[in-house]
Amino acid sequence: MGRMHADEHAIDTALVRRLVDGRFPRWARSPLIRLASGGTVNAVYRLGTSLTVRLPLTAGGASDIAKERRVLAALGGLPVAVPAVVAVGEPAEGYPWPWAVHRWLDGAPALEGRPAPAHDLAEFVRALRSRRADGPPAYRGKPLALVDRATRRAIDELSRTDEPFDADAALAVWSEALEAPQWTGPPCWVHSDLMPSNLLLRDGRLSGVLDWATAGLGDPACDLIPAWNLLSAATRPAFRDALGADEATWARGRGWALSMAVIQLPYYRHTNPVISANARYVLTELGCRPAPRSATAPRGSSGPAANTTP
C-alpha cells in the first residue's frame with residue numbers, strides 16, 4: 001500500500017521497535033509484526049501474542065488517542081469486546097506524537113458481501129444507542145447538510161476519473177437523503193465509523209468493534225452504514241427490521257454511506273485497496289455503479305486476521 005496522505009509520517013518496524021523498547025522495556029523481547037490493514041489513520045503492529053501498537057500516521061490522528069480513551073471510559077456493558085488501552089507512549093526517536101498499546105482482540109475483520117451477522121450487528125447498535133452517559137459529538141452524528149458541499153464535490157471529482165460511476169444516480173440518492181426529515185429525538189450514542197474492517201467476527205458472530213475515536217452523541221442514522229458497506233440485498237432487510245429504522249432514518253443512513261464512499265474512492269483508489277474496494281461495493285449496492293459482469297468473491301484479507309483497523 002502506498003503513501004496515503006501528503007503529511008504522513010514515515011513509520012517502519014525499526015522505528016516502532018525503538019519506541020517500544022525505549023518506553024516499555026518489559027516488551028523488548030516480544031515479537032513485532034506490522035499488520036496488513038485498510039486503516040487510514042494509524043499504522044498497526046502486533047506486539048507479542050496479546051497486544052497491538054497503534055501509531056497515528058498524521059498530526060490529525062494524534063488527538064484520537066486521548067479521545068478514544070475518554071469515549072471507552074464512558075461506555076460499558078456492550079455485547080461485544082472493545083479495545084482496552086494498556087499503555088500510552090510519548091513522542092521519541094523522531095516520531096512526533098503519542099502512540100498507544102492496546103489489548104489484542106481475537107477475530108477476523110468482516111468483508112463486504114460475505115455472510116455477516118445482521119442481527120448481532122443490530123443488537124450492538126441498539127445497545128450502544130441505549131447508553132445514557134455524556135459524550136462528545138459524534139464525528140458523523142451531525143445533519144447531512146453539513147457535508148453537502150464536500151459530497152457534491154466528491155461526486156463531481158469521481159465522475160472525472162475512469163471509475164465506472166453513475167453520477168446522476170449518486171445525486172439522486174444524495175438528494176433523497178437531504179430531503180428526508182432530520183432527527184428530532186435526543187442525541188444517541190453512535191460509533192459512526194462501522195466499516196467492515198472495524199468489525200471482528202468469530203465463528204460467524206460479531207465478537208468485537210474497534211476504532212472508537214469517531215464515537216459520540218448524534219443522529220443514529222450514521223450507524224446504518226453497514227447496511228450498504230457490509231451487508232447484501234438479502235440480509236439488509238433483517239438489519240433494518242431489527243433496528244426498526246423508519247424511512248427518514250434509513251434514507252439518511254443511505255446518504256452517509258454514499259457520502260463516505262464518494263469521498264473515499266477518489267482519495268484512496270491508488271493507495272488503499274481495502275478502502276477502495278469497499279467504496280466500490282457501496283456504490284454498487286446503491287445503484288451508482290454497474291455490478292460486475294460475473295459474480296466473484298470479494299477480495300480476501302491479507303496478513304494476520306484481527307485488529308487490523310485504523
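This text follows the structure it describes.
Procedures and definitions
- Residues numbered from 1 in each chain as written.
- Predicted model: local features only at pLDDT ≥ 70, side-chain atom pairs only at ≥ 80, totals over all residues.
- Heavy atoms only, no water.
- Pairing = 2+ DSSP bridges.
- Helix = DSSP H or I, 4+ residues; strand = E, 2+ residues; numbered from the N terminus.
- Axes fitted to C-alpha atoms, helices over the stretch in contact; angles between N-to-C directions.
- 1 Å grid on protein atoms, 1.4 Å probe; cavity = no way out; pocket = protein on both sides within 12 Å on 5 of 7 lines; lining within 4 Å.
- Points joined across faces, edges and corners; volume = space filled by probe spheres on them.
- Nonpolar A, V, L, I, M, F, W, Y, C, P; charged D, E, K, R; others polar.
- Core = buried A, V, L, I, M, F, W, Y, C linked by side-chain atoms within 4.5 Å.
- Buried < 20%, exposed > 50% of the residue type's maximum accessible area, 1.4 Å probe, protein only.
- Contact = heavy atoms within 4.5 Å.
- Phe/Tyr/Trp six-rings, centres within 6.5 Å; stacked < 30°, edge-to-face > 60°.
- Lys NZ or Arg CZ within 6 Å of the ring centre and 35° of its normal.

Undergrad: So what's going on with the sheet that holds strand 5 (residues 99–103)? Residues and values would help.
TA: Judged by pairing direction, the sheet is antiparallel, and its five strands sit side by side in the order 1-2-3-5-4 without closing on themselves. Bordering the open sheet on either side are strand 1 (32–34) and strand 4 (85–89), each of which pairs with just one other strand. Recorded for the sheet is a direction-independent mean angle of 25° between the axes of neighbouring strands. Relative to strand 2 (residues 42–47), strand 1 runs antiparallel, the two being bridged by three bridges. Across the sheet, Leu32 pairs through a bridge with Leu47, a residue of strand 2.

Undergrad: Before we move on, can you summarise the layout of surface pockets with the specific residues and values?
TA: Put simply, the largest pocket is a space of about 810 Å³. Along its surface, the largest pocket is lined by 30 residues, and Thr40, Val41, Tyr139, Arg140 and Tyr268 are the ones closest to its centre. Looking at the lining of the largest pocket, the elements with two or more residues in it are helix 2 (59–62), helix 3 (64–74) and helix 9 (247–268). In terms of residue count, helix 9 provides more of the lining of the largest pocket than any other element does, seven residues in total. In the lining of the largest pocket, the residues fall into 12 nonpolar, 12 polar and six charged.

Undergrad: Talk me through the pairing of strand 8 (residues 199–202); I want residue IDs and the actual numbers.
TA: Note that strand 6 (residues 108–109) and strand 8 share two bridges and pair antiparallel. Each bridged residue has a counterpart across the sheet, and for Pro109 the counterpart in strand 8 is Leu200. Pairing between strand 8 and strand 9 (residues 205–209): four bridges, direction antiparallel. Residue pairing for strand 9: Arg202 is matched across the bridge by Arg205. Connecting strand 8 to the antiparallel partner strand 9 that follows it, the hairpin turn spans two residues, and Asp203 within it adopts a positive phi of roughly 55°.

Undergrad: Residue-level account of the nonpolar core, with values.
TA: Among soluble globular proteins, nonpolar side chains are generally buried collectively. Ranked by internal contacts, the top residues of the largest apolar core, which has 62 residues, are Phe124, Phe165, Trp212, Phe239, Leu258, Leu283 and Cys288. No other element matches the nine residues that helix 9 contributes to this core. Ignoring sequence-local partners within four residues, the contact set of Leu258 consists of Ala170, Val173, Trp174, Leu283, Leu286 and Cys288.

Undergrad: Break down the packing of aromatic side chains for me, with residues and values.
TA: As enumerated under the stated definition, the model contains six aromatic pairs in all. For the pair Trp228 and Trp250, a centre-to-centre distance of 4.7 Å together with 50° between the ring planes defines the contact as tilted. A residue pair is termed long-range when its members are at least 10 positions apart, and Trp228 in helix 7 (residues 226–229) and Trp250 in helix 9 qualify at 22 residues. The pair formed by Trp228 and Trp250 is uniform in burial state, with each residue classed as buried. Above the ring of Trp27, the side-chain terminus of Arg26 is found at 4.2 Å from the ring centroid. Over the ring of Trp104 we find Arg46, and its NZ or CZ is 3.6 Å from the ring centre.

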